[in-house]
Amino acid sequence: MPYLVLGDIDTLLSVGIIKVSTESGVYYDEIRYYAESLGQLKIDLFLIIINPENKKFEIVIGEVKDISSLGLKEYSQLIGYCLSSYSGYGLLINVNGGASKNLTDLLALDEDLSIVRRLTQAGELIEHQFGVFKWNSKNSQAESLQLGRIYSLPAMIIELCDKIKTGT
């Protein structure tokens, strides 16, 4: 059964991953090797989902903003973090705000902008998926803005758990 571990907020990703996986009792060499490869990547929020049976794991990167509207600059930052960390999932979250008309139009008209497929130097295919959300501080819930590939946090978690359960 996979574990869902919420990572630190506003931290070096490498340090945060080692800290939360150790504190959760699911720290493996595979996680340490991954964390050590990340360098000085400082992110707002991350989630790590770990399957202790096969030692597979996935990282979800969260980029959190508190601005009137999210734009291409913030979306590009999230993409950069996900590509740099090999994270397959990225969430752009605006506290009590939405997305700009420009970003909304771009993602609504071209769904391909919310999924990136690439080959590593070793020839491994990596897929990165992105979603845009609003954090509603009145009810303490994440609300999908229906932009990007990821529309639902529960559906993303189920997909991630299935992925690390099979190891694919």
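The preceding data block contains the structure.
Residues numbered from 1 in each chain as written. Predicted model: local features only at pLDDT ≥ 70, side-chain atom pairs only at ≥ 80, totals over all residues. Heavy atoms only, no water.

Draft legend 1. Seen up close, unusual backbone geometry. Look at serine 140: it is not a glycine, yet its phi comes out positive at around 55°. Within the secondary structure, serine 140 is located in the loop between β8 (125-136) and β9 (141-148). On the basis of relative accessibility, which here comes to 49%, the residue serine 140 falls in the partly exposed class. (Helix = DSSP H or I, 4+ residues; strand = E, 2+ residues; numbered from the N terminus. Buried < 20%, exposed > 50% of the residue type's maximum accessible area, 1.4 Å probe, protein only.)

Draft legend 2. Representation of the packing of helix α1 (residues 13-23) against helix α2 (residues 29-36) in the model. Running from N to C, α1 and α2 cross one another at 160°; their axes reach a closest spacing of 8 Å. The orientation of α1 relative to α2 falls into the category roughly antiparallel. Handedness of the crossing formed by α1 with α2: left-handed. When α1 is examined against α2, the residues Ser14, Ile17, Ile18 and Ser21 are found in contact with a partner set consisting of Ile31, Tyr34 and Ala35. A breakdown of the residues in the contact of α1 with α2 according to their chemical character gives five nonpolar, two polar and no charged. (Axes fitted to C-alpha atoms, helices over the stretch in contact; angles between N-to-C directions. Parallel < 35°, antiparallel > 145°, perpendicular 65-115°, else oblique. Left-handed = near helix turned anticlockwise from the far one by under 90°. Contact = heavy atoms within 4.5 Å. Nonpolar A, V, L, I, M, F, W, Y, C, P; charged D, E, K, R; others polar.)

Draft legend 3. Representation of the nonpolar core within the structure. In terms of nonpolar packing, the biggest core is built from 29 residues, with Leu13, Ile17, Phe46, Ile48, Ile59, Ile61 and Tyr75 touching the most fellow members. Broken down by secondary-structure element, the contributors of at least two residues to this core are α1, α2, β2 (42-51), β3 (56-65), α3 (72-85), α4 (101-109) and β8. Considering every element that reaches this core, the biggest residue donor is α3, with five residues. Counting 11 residues, the second-largest nonpolar core is a separate cluster that includes Leu47, Val60, Leu91 and Ile150. (Core = buried A, V, L, I, M, F, W, Y, C linked by side-chain atoms within 4.5 Å.)

Draft legend 4. Quick look at α3. If you check α3, its first and last C-alpha atoms are 20 Å apart, about what 14 residues at 1.5 Å a residue would give, namely 20 Å. Of all the residues in α3, the buried ones are Glu74, Tyr75, Leu78, Ile79, Tyr81, Cys82 and Ser85. Viewed along the axis of α3, the buried residues span an arc of 160°, placing them on a single side of the element. (Expected span 1.5 Å × (residues − 1). Arc of directions from axis to C-beta.)

Draft legend 5. Looking closely at the environment of tyrosine 81. Summarising the element assignment, tyrosine 81 is placed in helix α3. Among all residues touching tyrosine 81, those that are not within four sequence positions of it are Leu41, Lys42, Ile43, Ile61 and Glu63.

Draft legend 6. Expanded view of the packing of aromatic side chains. In the structure shown here, the tally under the stated rule is two aromatic pairs. Ring geometry for tyrosine 34 versus phenylalanine 57: centroids 5.4 Å apart, planes at 65°, classification edge-to-face. A residue pair is termed long-range when its members are at least 10 positions apart, and tyrosine 34 in helix α2 and phenylalanine 57 in strand β3 qualify at 23 residues. When the centroid spacing of 6.0 Å and the interplanar angle of 70° are considered together, the rings of tyrosine 75 and phenylalanine 130 count as edge-to-face. With tyrosine 75 in helix α3 and phenylalanine 130 in strand β8, the pair connects residues that are 55 residues apart, well separated along the chain. Since its relative accessible area comes to 0%, phenylalanine 130 is described here as buried. (Phe/Tyr/Trp six-rings, centres within 6.5 Å; stacked < 30°, edge-to-face > 60°.)

Draft legend 7. Broad picture of the pattern of salt bridges. Here the structure, examined in full by the defined rule, presents six salt bridges. Across the pair aspartate 29 and arginine 32 runs a salt bridge whose closest N-O atoms are separated by 3.5 Å. One end of the pair is aspartate 29 and the other is arginine 32, both in helix α2 and three residues apart, which spans about a single turn. The residue glutamate 127 makes a salt bridge to arginine 117 at a minimum N-O spacing of 2.9 Å. With a gap of 10 residues between them, glutamate 127 in strand β8 and arginine 117 in strand β7 (residues 115-119) connect regions that are remote in the sequence. On the accessibility criterion, arginine 117 (52% relative accessible area) is exposed. Among the charged side chains, a network of salt bridges with common partners joins Asp29, Arg32 and Glu36. (Salt bridge = Lys/Arg side-chain N within 4 Å of Asp/Glu carboxyl O.)

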